[in-house]
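# Geometric and topological summary
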Amino acid sequence: MEVIRRRLGLDSLFTVDNVGFSGGLAIVWKRELEVNIISHSANLIDITIKHSAESPTWRFTGFYGSPARHRRKDTWELLKELSTNNSLPWMLMGDFNDILSPEEKLGGAQQPLWLMQGFREAIEFSGLRNFEFKGYQFTWERGRGTPNWIREKLDRILVNDGWLDIFGEACAESLETPLSDHLPIAVWPAYTLRIRRRKFKFENYWLKEAHCREIVHQSWSYTEGLNLCSRFELCSHAIWKWGKDINRNLQPQIAALKRRMGILRCRTDSKGMWEFSNAQQQFINLLDKQNLYWKQRAKLFWFQGGDNNTKFFHNAVKQRRRNNDIQKLKNDRGNWITHGPELNSLMMNYFTRIFSSSAGDDVPVLNCVNHKVTSAQNRILLRKFNHDEIKKAVFGMHPDKSPGADGFNPGFFQSYWDILGESLVCFCNEFLTTGKLPKGLNITQIVLIPKKSNPEFMSDLRPIALCSVAYKILAKALANRLKLLLNDIVSDNQSAFVPGRLITDNVMIAFEMQHFLKRKSSGKEGYAALKLDISKAYDRLEWPLLRNIMIRMGFDEKWVGLVMECVFSGVFCAKQK
């Protein structure tokens, strides 16, 4: 290895001697890297690496899994033990002598399920995930070109979320070698540290603080008489000034209480027991707040209760951020466009093309629309909102849903309904009277969500609009009124988006039609099926056509104007996420 080190032009070397003909490990590095050996054995070399004074320290483990099946469980336990040693950003790389799925092996006998399951569970327990590499995936082979040719993906890269946060743009590739039965893997850990500018977003764990309610009550009282947007802006400033640094102090407080509980646990006197109980309650409250903090960001709405699992939510947040991060996209010519003005232009041009109006003749469509809305129904649509209608709209939203540009989420409105409720009812009724929204209320952030794990084109991204919750309350209240009429005004052929109807009915009808066509094998009359691709139906909607259809159906023109104003009064702020 010393000879190889000199040939590579590297400065430092550390080795673990082999046992017999296998098991030797070595690591070599350049002088400018700060490398510290943490531990070593016949199965691993564990080190920390620091690139420069400004860069963070991270952990690298060169790993060699035991090839003997009866010792695989020892290898998995070693992997689990390594994960508990420290919390640094971590990468493991090497020959694990295990596979994760049957697809990672070609030829020979099938891998036993208990081996794959055990390896998978060890990785999940360690908080690691597979880091994909380019090139040939079957890194080990035996018997090439013979009937007993076996190929397996025994070599791989495993990383934790902390490492991905730092080296999110890293890439890896398997390389060709003329002699070895294993392919080497090279990793280029591109170091990128992103600074996220903090801005106000209401935290649900603030709801557990009594002082937060006092701030909201005072702000709402002092700003009475201003328009709704100004009141929310001033309220957000007051809350942000108070609460922006609370989460930064949670972890030190949790650590301090754990130490205090350790000191007080052996006390048996009444004062010591009271102090321990008090510290324990504070500790539980802080853990609950920290759990809410990460749960709100994880967007796991299926989770209803159970033990605190901050690590689970924390990992879910990191996974969402990686999935939603757009690094590069292909243009119409198939060329990759990376971060910068070109990528922004690619997005803007795509939406400009999608949302551009194309003239068409709507007369044939309007001639098929019948008058269905009665005068009594119009009066119901235009009557003033009562307190219960607006409250139903507010509490019909999930409290952890994403906020709009003003930073307030539904949980804020639900918890402080007794303070905000009357103002929201007045706002909604004022809109029914004037048909105008306060300036800035409908400012909307457009966020792009990938439809698949590795999006390549703009068509692989789904745009969603993050509207302010006050606007969504108004829109939901209007929609709840319209929902009562849908069953009467929407054709029976439309089997989705109407209460009491199921979209699965369409699947059953399509199946029956296909079955009929397959069985129809005689007779003079022939039948054919035509499949239409309407995937862009909701992306390309002519709003004037919608307005004319609503008037043709008998909707009051004032109601139609309210709906159009609700749609068109906003300013859309493109946001790349």
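Worth saying up front: this structure is predicted, and the values here are computed from it rather than measured.

Within the protein, the secondary structure is distributed over 20 helices and 18 strands. Going through the 577 residues of the protein one by one, you find that 40% of them count as buried. In the protein, once contacts between residues fewer than 6 apart in sequence are set aside, the share between residues at least 24 apart is 60%. Total accessible area computed for the protein in this model is approximately 34,700 Å², and 55% of it derives from carbon and sulfur atoms.

Attention shifts here to the confidence of the model for the protein. Mean pLDDT over the protein: 84, with 89% of residues reaching 70 or higher. Note on residues 570-577: pLDDT under 50 across the span, and 27 contacts to partners over four residues away in sequence or across chains.

Attention now goes to the sheet that holds strand β6 (residues 90-95). Here 6 strands make up an open sheet; going across it, the order is β3-β4-β5-β6-β11-β8 and the pairing mixed. The sheet is open, and its two edges are formed by β3 (34-41) and β8 (128-130), each paired on a single side. Each strand of the sheet is rotated relative to its neighbour by a mean of 20°, with strand direction disregarded. Strand contacts of helix α2 (residues 72-83): β4 (44-50), β5 (58-64), β6 and β8, with the helix running at about 170° to β5, the strand carrying the most contacts.

What follows is about helix α16 (residues 469-483). Across its 15 residues, α16 extends 20 Å between first and last C-alpha, which sits within 8% of the 21 Å expected from 1.5 Å per residue. Looking only at α16, the buried set comprises V469, A470, Y471, I473, L474, A477, L478, N480 and R481.

For strand β11 (residues 155-160), the tally of buried residues reaches 6 of 6 residues, placing the bulk of the element in the interior. Side chains D155, I157 and V159 project from β11 onto one buried face, and the interleaved R156, L158 and N160 project onto a second face that is buried too. Bridge count between β8 and β11: 3 bridges; the pairing is antiparallel. Note on β11: the bridge partner recorded for L128 is N160.

Take the sheet that holds strand β7 (residues 105-106) next. One open sheet accounts for 3 strands, arranged β7-β10-β9; its pairing is antiparallel. Edge positions in the sheet fall to β7 and β9 (140-142), since each of these pairs with one other strand and no more. Summarising the sheet, β9 and strand β10 (residues 150-152) pair through 3 bridges and their orientation is antiparallel. Note on β10: the bridge partner recorded for R142 is I150.

Turning to the pattern of salt bridges, a few remarks are in order. Scanning the entire structure with this criterion turns up 17 salt bridges. When the shortest N-O distance is used, the salt bridge between E104 and R156 registers 2.6 Å. Within this pair, whereas E104 is found in the loop between β6 and β7, its partner R156 is found in strand β11, the two being separated by 52 residues in sequence. Classification of E104 by relative accessible area gives buried; the value is 12%. A salt bridge links D492 to R501, with the shortest nitrogen-to-oxygen separation between them at 3.7 Å. Assessed through its relative accessible area of 67%, D492 is described here as exposed. Several salt bridges converge on common partners, so that one network encompasses E2, R5 and R6.

Further remarks concern the packing of aromatic side chains. The final tally for this structure, using the stated rule, is 27 aromatic pairs. When the ring of F516 is compared with that of Y527, the centres are 5.4 Å apart and the planes differ by 75°; the resulting orientation is edge-to-face. Residue F516 is located in helix α18 (residues 504-519), and its partner Y527 is located in the loop between α18 and α19 (543-553); the two are separated by 11 residues in the primary sequence. What links up through ring pairs into an aromatic cluster is the set F200, F202, Y205, W206, W220, F232, W240, W242, F408, F412, F413 and Y416. Directly above the aromatic system of W90 lies the positively charged group of R59, at a separation of 4.2 Å from the ring centroid.

Here the focus is the environment of K436. You can see K436 is positioned in the loop between α15 (417-434) and β16 (444-450). The exposed category is assigned to K436, whose relative accessible area is 56%. For the pair K436 and L562, spaced 126 residues apart in the sequence, the C-alpha separation amounts to 8.1 Å. Non-local contacts of K436, meaning those with residues more than four positions away in its chain, are made with F431 and E565.

Moving on: the nonpolar core. Nonpolar side chains in soluble globular proteins tend to be buried together. Within the largest apolar cluster, 59 residues are counted, with the highest numbers of intra-cluster contacts made by I239, I390, F412, F413, L424 and F555. The greatest single-element share of this core, amounting to 9 residues, is contributed by α15. Contact partners of I390, with chain neighbours within four places excluded, come to F385, W417, L424, V425, C428, I473 and A477. If you look at the next biggest cluster of nonpolar residues, it comprises 25 residues, including I45, I49, Y64 and W163.

Relative to the elements of secondary structure, D155 occurs in strand β11. Here D155 is buried and forms no salt bridge, its nearest opposite-charge partner R156 lying at an N-O distance of 8.6 Å. Here the side chain of D155 touches T139 through a polar contact of 2.6 Å, side chain to side chain. Among the polar contacts listed, one links the side chain of D155 to the side chain of H182, at a separation of 2.8 Å. The residues touching D155, leaving out its near neighbours within four places in the chain, are G94, D95, F133, T139, H182 and I185.

Our next topic: unusual backbone geometry. Positive phi is not limited to glycine here, since N97 has a value of about 55°. Position of N97 among the secondary structure elements: in the loop between β6 and β7.

Looking at where A256 falls in the secondary structure, it is placed in helix α7 (residues 250-264). Overall, the relative accessible area of 32% leaves A256 in the partly exposed class. Along the sequence, A256 and F283 sit 27 residues apart, while their C-alpha atoms lie 9.2 Å from each other.

Helical geometry note: an α-helix holds 3.6 residues per turn, so side chains three or four residues apart project in the same direction. An ideal rise of 1.5 Å per residue puts 18 Å on 13 residues; helix α5 (residues 210-222) measures up with 19 Å between its terminal C-alpha atoms. Restricting attention to buried positions, one finds in α5 the residues C212, I215, V216, S219 and W220. With its buried residues spanning 120° around the axis, α5 presents them on a single face. Projecting away from the buried face of α5 at angles above 90 degrees are the exposed residues A210 and Y222. Buried residues belonging to α5 abut α6 (228-243), α14 (410-415) and α15.

The rules we used
Residues numbered from 1 in each chain as written. Predicted model: local features only at pLDDT ≥ 70, side-chain atom pairs only at ≥ 80, totals over all residues. Heavy atoms only, no water. Helix = DSSP H or I, 4+ residues; strand = E, 2+ residues; numbered from the N terminus. Buried < 20%, exposed > 50% of the residue type's maximum accessible area, 1.4 Å probe, protein only. Contact = heavy atoms within 4.5 Å. Areas by Shrake-Rupley, 256 points an atom, 1.4 Å probe, with all protein chains shown as cover. pLDDT = per-residue confidence, 0-100. Pairing = 2+ DSSP bridges. Axes fitted to C-alpha atoms, helices over the stretch in contact; angles between N-to-C directions. Expected span 1.5 Å × (residues − 1). Salt bridge = Lys/Arg side-chain N within 4 Å of Asp/Glu carboxyl O. Phe/Tyr/Trp six-rings, centres within 6.5 Å; stacked < 30°, edge-to-face > 60°. Lys NZ or Arg CZ within 6 Å of the ring centre and 35° of its normal. Core = buried A, V, L, I, M, F, W, Y, C linked by side-chain atoms within 4.5 Å. Lys, Arg positive; Asp, Glu negative; His and termini not counted. Polar contact = N/O pair within 3.5 Å; in protein donor to acceptor, adjacent residues only side chain to side chain. Arc of directions from axis to C-beta.

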